[in-house]
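Chain by chain, the residues run as shown.
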Amino acid sequence: MALADDAVRPGADPARLRDVQDRALRTIIGRVAADHPFYRDLWAEHGVDPRAVRGVEDLPLLPLTTKSMFTAAPQRFRLQPDGSPERQLWDIAYTSGSTSAPAPIYQSAYDFHAILAAQVRMAEIRGMRGDDRIANLYPLTPQPHGAWTRANHAAAVLGATVVCGMSGVSPWFGVTRRLGEVAGLLVRTRPTVLWGVPSYVRRVVDEVARRGGTLPDVRMLALSGEATTAPMAAQLKDLLACVGAPDVMVSNSLGASELQYGLVECAPGAGFHNPVPELLHLDAVDDRGRPVPPGTPGAFTMTHLDRHGTVLVRYLLGDRVEVDHDPCPRCGRLGGRVVAHHGRAGGSLKIKGQLVDTTVIETTVAAVSGVVDHRAVVRRSDPADPLSGDELVVQVALAPATERGVTEQVSAAVKLATRVTPMVEVTTLDALFPADERMKPRRFVDERQRQESPA
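Residues numbered from 1 in each chain as written. Predicted model: local features only at pLDDT ≥ 70, side-chain atom pairs only at ≥ 80, totals over all residues. Heavy atoms only, no water.

Colleague: Run through the environment of valine 410, naming residues and quoting values.
Modeller: Looking at the secondary structure, you find valine 410 in helix 10 (residues 406-418). Separated by 250 residues in sequence, valine 410 and alanine 160 have C-alpha atoms that sit 43 Å apart. Once residues lying within four places of it in the same chain are set aside, the contact partners of valine 410 are Val365, Val368, Val371, Val394, Val396 and Val424. (Helix = DSSP H or I, 4+ residues; strand = E, 2+ residues; numbered from the N terminus. Contact = heavy atoms within 4.5 Å.)

Dropping the structure here:
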C-alpha cells in the first residue's frame, strides 16, 4: 500500500486520515484473525469477535497486550508465513533487553520497505536532507538492534552519505572503535548530522574538543534512546560551538524497538509526531483500556495497521504519555503526537520503607536548573549487612559555571517528591555513564540485590 501523503499533510481533512486508518485496520484484523497464533487464542479466550472491529473507534473491544506477553513468546506474534513475497523474512531486530531478555521482532520484506518509507517521512518532518552527511553514532550491539541498522537505512533511502562511528561491543571479531578513533573519524569526514544517544554524542563531541579538532559543518543533532533535558541540549550546543558549529538544531525523537522507527519533532517542543499513521495507530488509554481525553496522561499503546511480520495490537509500550490527534499547531500535520511524556509505568519500589516511583526521581532531578544529567543509586549502607538501611544516592553532572546550591536544591526536590532524603554527589558525565556502550544508559540502579547475592 502506498502511503497516503494527502491524508497527513498540513490542511488535510482529518476524516480522510481516519478513513484510511479504518480501512487498514479492517484489513489487518482479518489478517491477524486468520494467521496470528497469539491473537487468535487471546481473542477466543476473551470471547472477542474480530469482525466487530470496523475502525479505530472499535479498538477498545480488543484486550490490551503487555510487554511481558510479547517477550514470553515473541515467535507467536509473527504472522504465519504463507509463501507470499509480502511475508518473506527480511531481517530481525531485537528489543534492547533492559528489563528482560532481548526479544526478536520479525520484519518481512513488505515491512522493511514500509520502514524505509517511514524514514523518508521522519526526515521530512525533522528537516534531514538528502545532501546531509550523517554520522551514525549508535553502538554496534551483539544482537541486531533497530537504532544502528535503521540510521544506515535512513541514509540509504534519503540518498545521504553515512559514516558509522562503530562504537559498541563486538564479542567475536573486535571490529568496533574506541572513543578517540570515533572522534578522529568525525573530524576527517565532516558530518552535518550527528545521530545517536545524547550522552554518547556528548562524549564524542567533548573528545573532539579535547583533541583540538573541529566539526564546522554540523547543523543537526538527531537524538534518541534517552531523554534530553533542556540543560543537556544547551550544553551540547555550547560544546558544538566550541568545535566550530555555532548554529545547531537539536532534534529529539521518541522511539521503541517495537516501532522500528521513531516519533519525531517538527520543532523543539512541538511534540513527537507519528510519521506514518497509515501504518501505525497510537493512543493513550486509562486502566480499563479506553482512550483518555487530550491533555490527560494515559498508558501508551500502539496498534500496527499494515504489517506482515511481527504484529502487535493494542500493545502497551510501558510509558505514560499524553497524545493529541489534532493537527500540529506548528507544522499542521496529522497523525497523532505525543505531546507530554510522564515516564515509564510500573517503576515503583520500596526505598527506606517508602514506595517510590523511580520515574518521579528522574523527572524531579532533571527539572533542577544546572543539572545536565544524573543517575540514582539505591544500596545498603553496609554491603556486608543485608539488614542495614537503604541509601538513596543521586549523582549529578552539572553545567559549567553552575551556581552553588544546586546539590541542596536536588536534595530538597527529591525529598519533597518521594519523602526520601537522598545523598547528592557531584560527578562528571563520563563517570556517570562509562564507555560500556549500553544502548540506553541506566539512570536508576538498584544495587541491593547484587549486594545481597552470595559470593
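There's more to say after this.
Colleague: If you had to explain helix 1 (residues 14-35) to someone new, which residues and values would you point to?
Modeller: Given a rise of 1.5 Å per residue, 22 residues ought to cover 32 Å, and the 31 Å separating the end C-alpha atoms of helix 1 matches this to within 8%. Within helix 1, the full set of buried residues consists of Leu17, Val20, Gln21, Asp22, Ala24, Leu25, Ile28, Ile29, Arg31 and Val32. Considering only its buried residues, helix 1 is in contact with helix 2 (37-45), strand 10 (280-285) and strand 11 (298-304). Put simply, aspartate 13 is the residue that caps the front of helix 1, since its side-chain oxygen is 3.0 Å from the backbone nitrogen of alanine 15. (Expected span 1.5 Å × (residues − 1). Buried < 20%, exposed > 50% of the residue type's maximum accessible area, 1.4 Å probe, protein only. Polar contact = N/O pair within 3.5 Å; in protein donor to acceptor, adjacent residues only side chain to side chain.)

Colleague: Before we move on, could you go through unusual backbone geometry and cite the residues and values that matter?
Modeller: What you tend to see is this: most non-glycine residues have negative phi, and most peptide bonds are trans. One non-glycine residue with positive phi stands out, namely glutamine 260, at about 70°. Take glutamine 260: it is sitting in the loop between strand 7 (249-255) and strand 8 (262-264). The residue arginine 314 is not glycine, and still its phi comes out positive at about 55°. Residue position: arginine 314 is located in the loop between strand 11 and strand 12 (315-324).

Colleague: An account of the environment of leucine 263 is needed here, citing residue identities and associated values.
Modeller: Looking at the secondary structure, you find leucine 263 in strand 8. Owing to a relative accessible area of 0%, leucine 263 belongs among the buried residues under this scheme. A C-alpha to C-alpha distance of 5.1 Å links leucine 263 and asparagine 274, two positions 11 residues apart in sequence. Excluding anything up to four places from it in sequence, leucine 263 contacts Asn252, Ser253, Leu254, Phe272, His273, Asn274, Pro275, Leu282, Phe300 and Val338.

Colleague: Could you give an account of the side chain of asparagine 252, naming the residues involved and the relevant values?
Modeller: For asparagine 252, the location among the structural elements is in strand 7. The class of asparagine 252 is buried, set by a relative accessible area of 16%. At 3.1 Å, the side chain of asparagine 252 forms a polar contact with the side chain of threonine 228. Those residues within four positions of asparagine 252 in sequence are excluded, and the remaining contacts are Arg126, Leu223, Thr228, Leu263, Val264, Glu265 and Phe272.

Colleague: An account of the pairing of strand 12 is requested, with residue identities and associated values reported.
Modeller: With eight of 10 residues buried, strand 12 lies mostly within the body of the structure. Summarising the sheet, strand 11 and strand 12 pair through four bridges and their orientation is antiparallel. Bridging from a neighbouring strand, glycine 298 pairs with valine 321 of strand 12. Across five bridges, strand 12 lies against strand 13 (residues 337-344) in antiparallel orientation. The residue of strand 13 that forms the bridge with glutamate 322 is alanine 340. (Pairing = 2+ DSSP bridges.)

Colleague: Explain the state of the cysteines to me, using residue names and the numbers behind them.
Modeller: Overall, the coordinates contain zero disulfides when judged by the stated rule. Cysteine cysteine 328 is unpaired, with the sulfur of cysteine 331 as its nearest cysteine sulfur at 3.8 Å. (Disulfide = S-S within 2.5 Å.)

Colleague: Can you explain the side chain of serine 253? Please cite residues and give values.
Modeller: Considering the arrangement of structural elements, one finds serine 253 in strand 7. When neighbours within four sequence positions are excluded, serine 253 is seen to be in contact with Arg126, Leu223, Ser224, Leu263, Val264 and Phe272.

Colleague: I'd like a rundown of the packing of aromatic side chains, residues and numbers included.
Modeller: Taken as a whole, this structure holds seven aromatic pairs when the rule is applied. With a centroid separation of 5.2 Å and an interplanar angle of 80°, the aromatic rings of phenylalanine 38 and tyrosine 39 are classed as edge-to-face. On the accessibility criterion, tyrosine 39 (0% relative accessible area) is buried. A network of ring pairs unites the aromatic residues Phe38, Tyr39, Trp43, Phe70, Phe77 and Tyr315 as a single cluster. Sitting over the face of the ring of tyrosine 106, arginine 78 holds its NZ or CZ atom 4.9 Å from the ring centroid. (Phe/Tyr/Trp six-rings, centres within 6.5 Å; stacked < 30°, edge-to-face > 60°. Lys NZ or Arg CZ within 6 Å of the ring centre and 35° of its normal.)

Colleague: With reference to specific residues and values, describe the nonpolar core.
Modeller: The nonpolar side chains of soluble globular proteins are, as a tendency, buried together. Tyr39, Trp43 and Phe300 are the most contacted members of the largest nonpolar core, which has 51 residues in total. When near neighbours in sequence (up to four residues on either side) are disregarded, tyrosine 39 contacts Val32, Thr65, Phe77, Val311, Leu312 and Val313. Listed in part, the 31 residues of the second largest apolar core include Ala135, Val182, Ala245 and Val250. (Core = buried A, V, L, I, M, F, W, Y, C linked by side-chain atoms within 4.5 Å.)

Colleague: Kindly report on the packing of helix 4 (residues 109-126) against helix 5 (residues 146-158), identifying the contributing residues and their values.
Modeller: Two elements in contact, helix 4 and helix 5, have axes whose closest approach is 9 Å; the angle formed by their N-to-C orientations is 75°. Taken together, helix 4 and helix 5 sit at an angle that is classed as roughly perpendicular. Within the contact between the two elements, helix 4 uses Phe112, Ile115, Leu116, Gln119, Val120 and Ala123 and helix 5 uses Arg150, His153, Ala154, Val157 and Leu158. Grouping the constituent residues of the contact of helix 4 with helix 5 by class yields eight nonpolar, two polar and one charged. (Axes fitted to C-alpha atoms, helices over the stretch in contact; angles between N-to-C directions. Parallel < 35°, antiparallel > 145°, perpendicular 65-115°, else oblique. Nonpolar A, V, L, I, M, F, W, Y, C, P; charged D, E, K, R; others polar.)

Colleague: Please give an account of empty space enclosed by the protein that cites residues and values.
Modeller: Enumeration according to the criterion identifies two cavities of 30 Å³ or more in this entry. The volume enclosed by the largest cavity comes to roughly 80 Å³. The wall of the largest cavity is formed by Asp111, Ala114, Ile115, Leu259, Gln260, Tyr261, Leu279, His304, Asp306 and Arg307. A total of three residues in the lining of the largest cavity trace back to one element, the largest contributor, which is helix 4. Around the second largest cavity sit Val8, Arg121, Ile125, His273, Asn274, Pro275, Pro277, Arg333 and Leu334, which together line it. (1 Å grid on protein atoms, 1.4 Å probe; cavity = no way out; pocket = protein on both sides within 12 Å on 5 of 7 lines; lining within 4 Å. Points joined across faces, edges and corners; volume = space filled by probe spheres on them.)

Colleague: Which residues make up the confidence of the model for the chain, and what are the values?
Modeller: Across the chain, the average pLDDT comes to 91, with 94% of residues at or above 70. Low confidence marks residues 451-455, where pLDDT is under 50. Its contacts with residues over four positions away, or in another chain, come to five contacts. (pLDDT = per-residue confidence, 0-100.)

Colleague: Could you give an account of the pairing of strand 5 (residues 193-196), naming the residues involved and the relevant values?
Modeller: Taking every second residue as pointing to the same face, both faces of strand 5 are buried, with Val193 and Trp195 on one and Leu194 and Gly196 on the other. As paired strands, strand 3 (residues 133-136) and strand 5 are joined by three bridges and run parallel to one another. The residue bridging isoleucine 134 from the neighbouring strand is valine 193, located in strand 5. You can see the chain leave strand 5, run along helix 7 (residues 198-210) and come back into strand 6 (residues 220-223), and the turn it takes is right-handed. (Right-handed = clockwise from strand over helix to strand, strands pointing away.)

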